[in-house]
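Survey of secondary and tertiary structure
Now for the letters of each chain:
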Amino acid sequence: MDNILTYTDVHKRFNLESGLFSSFGRFVYAANGISFKIKRGTTYGLVGESGCGKTTTARLGVGMYHHDAGKIVYRGSDGSSFDSERMEKAQLKKLRQKMKYIFQDPAKSLNPRMNIYRILTSGYRHAESWPGESEARREAEQIMLDVGLSPGDLSRRPTDFSGGQRQRISIARALIMKPEFIICDEVVSALDVSIQSQILNLLMDIRGKYGLSILFIAHDLTVTSWFCDRIGVMYRGRIVEEAAAQDIAADRFHPYTRLLYDSIPSRMMIHRDRKSGTAAEFDSGRPLTGCPFEHRCPYSVPRCTEEVPELEKVGDGHLSACFRNGEI
Ligand SMILES: Nc1ncnc2c1ncn2[C@@H]1O[C@H](COP(=O)(O)OP(=O)(O)OP(=O)(O)O)[C@@H](O)[C@H]1O
Ligand SMILES: [Mg+2]
């Protein structure tokens with residue numbers, strides 16, 4: 001199976017100063033050497049706490065941001081390929097039809113003044129693949145059925161629908177362009193638990209039906225392990241552990257992954273900065289010089305502050321970036 005999307009040592013920092021002051025540079029280091037691959041037809045889950053760089057990583061992958069260093073390569077099933085180092089505008093436009101981004105908050109991403117048919121087709125009608133009005137309507141009706149809504153809903157407006165239904169509309173809007181890759185960025189986080197499982201089941205269905213590859217982003221390792229084939233755990237702009245979903249559910253190597261999975265007492269223990277004893281937040285305002293998790297890790301040794309650990313094999317297809325792999 002080949003890879004649909006490959007990140008190699010990708011870096012991205014945001015400059016918080018603009019205009020005249022930009023050269024003074026106050027930066028946020030959001031991606032500090034991200035490397036992973038998404039195999040065609042599979043679902044890759046990115047998990048990690050708020051601000052660790054999940055959305056930035058996803059947006060880099062669809063060309064919404066440009067990275068500072070590293071390489072991102074996308075390969076379409078039709079043989080088309082996109083290389084971030086040589087990407088041109090026309091290529092980017094094509095790429096955007098194949099890769100669709102579904103956002104967390106459907107209320108904000110659907111224009112309340114448009115009816116659902118207009119919402120579904122507003123991007124599509126400018127695409128090369130636009131089939132004309134009557135065929136597009138037929139496709140829209142079918143997609144409404146596929147996402148569990150009715151073709152009659154096409155003439156209604158977003159405000160007529162519940163949160164879960166609006167998320168179904170966002171999914172329909174992504175599908176109408178017949179993408180082969182979708183990014184689901186916290187698509188269920190804003191929904192009630194019972195609705196979350198309905199939307200996840202829907203995504204499971206359409207994944208098979210449309211033959212999609214998916215990048216699935218979430219805070220919650222449990223939901224992600226259930227939904228994804230492979231999981232990357234992120235901390236401060238790096239992937240610290242990666243494995244098949246069932247392997248990470250069975251055994252975790254990196255101290256941060258254990259923290260994410262494990263019970264409240266250990267979480268409270270590690271959640272404090274080792275040196276100051278105060279609650280620890282990572283500081284994205286300075287470049288990474290050691291292990292991203294060093295400041296919170298109870299197992300840290302001097303080397304951890306001086307060198308950034310790379311992902312190493314700890315089991316079959318299981319990688320962990322820790323100098324103490326195998327010891328702890
Ligand atoms: N456009 C931007 N300009 C400046 N800083 C940004 C921008 N986008 C993201 N950041 C910063 O980059 C870091 C990573 O943000 P990102 O949104 O990628 O994290 P995330 O893992 O998606 O978080 P969340 O779970 O809260 O969505 C954060 O410190 C954030 O404030
Ligand atoms: Mg995010």
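Residues numbered from 1 in each chain as written. Chains lettered and ligands numbered in written order. Predicted model: local features only at pLDDT ≥ 70, side-chain atom pairs only at ≥ 80, totals over all residues. Heavy atoms only, no water.

**Let's talk about the domain arrangement of the chain**
When cut into domains, the chain gives domain 1 (3–234) and domain 2 (252–320). Look at where the C-alpha atoms of domain 1 and domain 2 centre, and you get two points 29 Å apart. A buried area of about 1100 Å², summed over both sides, lies between domain 1 and domain 2, and 57% of it is on carbon and sulfur atoms. Taken together, the links from domain 1 to domain 2 amount to 1 salt bridge. The partner of R296 in a salt bridge is E49, and the shortest N-O contact between them spans 3.0 Å. (Domains from an automatic or database assignment. Buried area = accessible area lost by both parts, 1.4 Å probe. Salt bridge = Lys/Arg side-chain N within 4 Å of Asp/Glu carboxyl O.)

**Overview of the environment of I206**
In this fold, I206 is placed in helix α7 (residues 193–210). When its relative accessible area of 1% is taken as the criterion, I206 is described as buried. Once residues within four sequence positions are removed from consideration, I206 is found in contact with D146, I171, L175, G211 and L212. (Helix = DSSP H or I, 4+ residues; strand = E, 2+ residues; numbered from the N terminus. Buried < 20%, exposed > 50% of the residue type's maximum accessible area, 1.4 Å probe, protein only. Contact = heavy atoms within 4.5 Å.)

**Looking at the packing of aromatic side chains**
Scanning all chains against the criterion turns up 12 aromatic pairs. Look at W226 and F227: their rings are 6.5 Å apart centre to centre, the planes differ by 35 degrees, and that puts the pair in the tilted class. On the basis of an interplanar angle of 55 degrees and a centroid distance of 4.5 Å, the ring pair of Y235 and Y256 is categorised as tilted. Of this pair, Y235 sits in strand β9 (residues 230–235) while Y256 sits in helix α10 (residues 255–261), placing them 21 residues apart in sequence. Among the residues examined, Y235 registers a relative accessible area of 0% and is labelled buried. In this structure, R252 is placed above the aromatic ring of Y261, and the distance from its NZ or CZ to the ring centre is 3.9 Å. (Phe/Tyr/Trp six-rings, centres within 6.5 Å; stacked < 30°, edge-to-face > 60°. Lys NZ or Arg CZ within 6 Å of the ring centre and 35° of its normal.)

**With respect to the site of ligand 1**
In the vicinity of ligand 1 there are 15 residues, among which S50, G51, K54, T55 and T56 approach most closely. Within the side chain of K54, a nitrogen or oxygen atom sits 2.8 Å from an oxygen atom of ligand 1. Within the complex, the protein chains bury 66% of what would otherwise be the 630 Å² of accessible surface of ligand 1. Contributing elements (two or more residues each) for the shell around ligand 1: β2 (27–39) and α1 (54–61). Per-element tally for the shell around ligand 1: the top contributor is α1, with 3 residues. (Near = heavy atom within 4 Å. Polar contact = N/O pair within 3.5 Å; in protein donor to acceptor, adjacent residues only side chain to side chain. Areas by Shrake-Rupley, 256 points an atom, 1.4 Å probe, with all protein chains shown as cover.)

**Observations regarding the packing of helix α5 (residues 133–146) against α7**
Contact geometry for α5 and α7: axes closest at 11 Å, N-to-C directions at 135 degrees. Between α5 and α7, the crossing angle belongs to the class labelled oblique. Facing Q142, I143 and D146 of α5, the residues of α7 in contact are L202, I206, K209 and Y210. (Axes fitted to C-alpha atoms, helices over the stretch in contact; angles between N-to-C directions. Parallel < 35°, antiparallel > 145°, perpendicular 65-115°, else oblique.)

**Digging into the packing of helix α6 (residues 163–175) against α7**
Two elements in contact, α6 and α7, have axes separated by 10 Å at closest approach and are oriented at 15 degrees. Viewed along their axes, α6 and α7 adopt a mutual orientation that is roughly parallel. Every pair of crossing elements has a handedness; the one defined by α6 and α7 is right-handed. Only I195, Q198, I199, L202, L203, I206 and Y210 of α7 make contact with α6, whose side of the interface consists of G164, Q167, R168, I171 and L175. (Left-handed = near helix turned anticlockwise from the far one by under 90°.)

**A word on the pairing of strand β7 (residues 181–185)**
Summarising burial for β7: 5 of the 5 residues are buried, a large majority. Both strand β6 (residues 99–102) and β7 contribute to a ladder of 4 bridges, which runs parallel. Residue Y101 lies in a different strand from β7, and its bridge partner there is I183. As defined by bridge partners, β7 adjoins strand β8 (residues 213–218) across 5 bridges and the pair is classed as parallel. Bridge pairing in β8 places I183 opposite L215. Handedness of the crossover joining β7 and β8 through α7 is recorded here as right-handed. (Pairing = 2+ DSSP bridges. Right-handed = clockwise from strand over helix to strand, strands pointing away.)

**Notes on the pattern of salt bridges**
One pass over the full model with this rule turns up 15 salt bridges. With a shortest N-O distance of 3.9 Å, E180 and K98 are connected by a salt bridge. Here E180, found in the loop between α6 and β7, pairs with K98, found in helix α2 (residues 89–98); they are 82 residues apart in sequence, far enough to count as distant. Judged on exposure class, the residue E180 and its partner K98 are both buried. Linking E242 and R230 is a salt bridge whose minimum nitrogen-to-oxygen distance equals 2.8 Å.

**A few points about the environment of R238**
Structurally, R238 is set in strand β10 (residues 238–244). Looking at R238, the relative accessible area reads 9%, which means it is buried. Among residues more than four places away in sequence, those in contact with R238 are N32, G33, I34, V233, L288, P292, V308, P309 and E310. Reaching out from R238, the side chain makes a polar contact with the backbone oxygen of N32 at a distance of 2.7 Å. Engagement of the side chain of R238 in a polar contact is seen with the side chain of E310, the distance being 3.5 Å.

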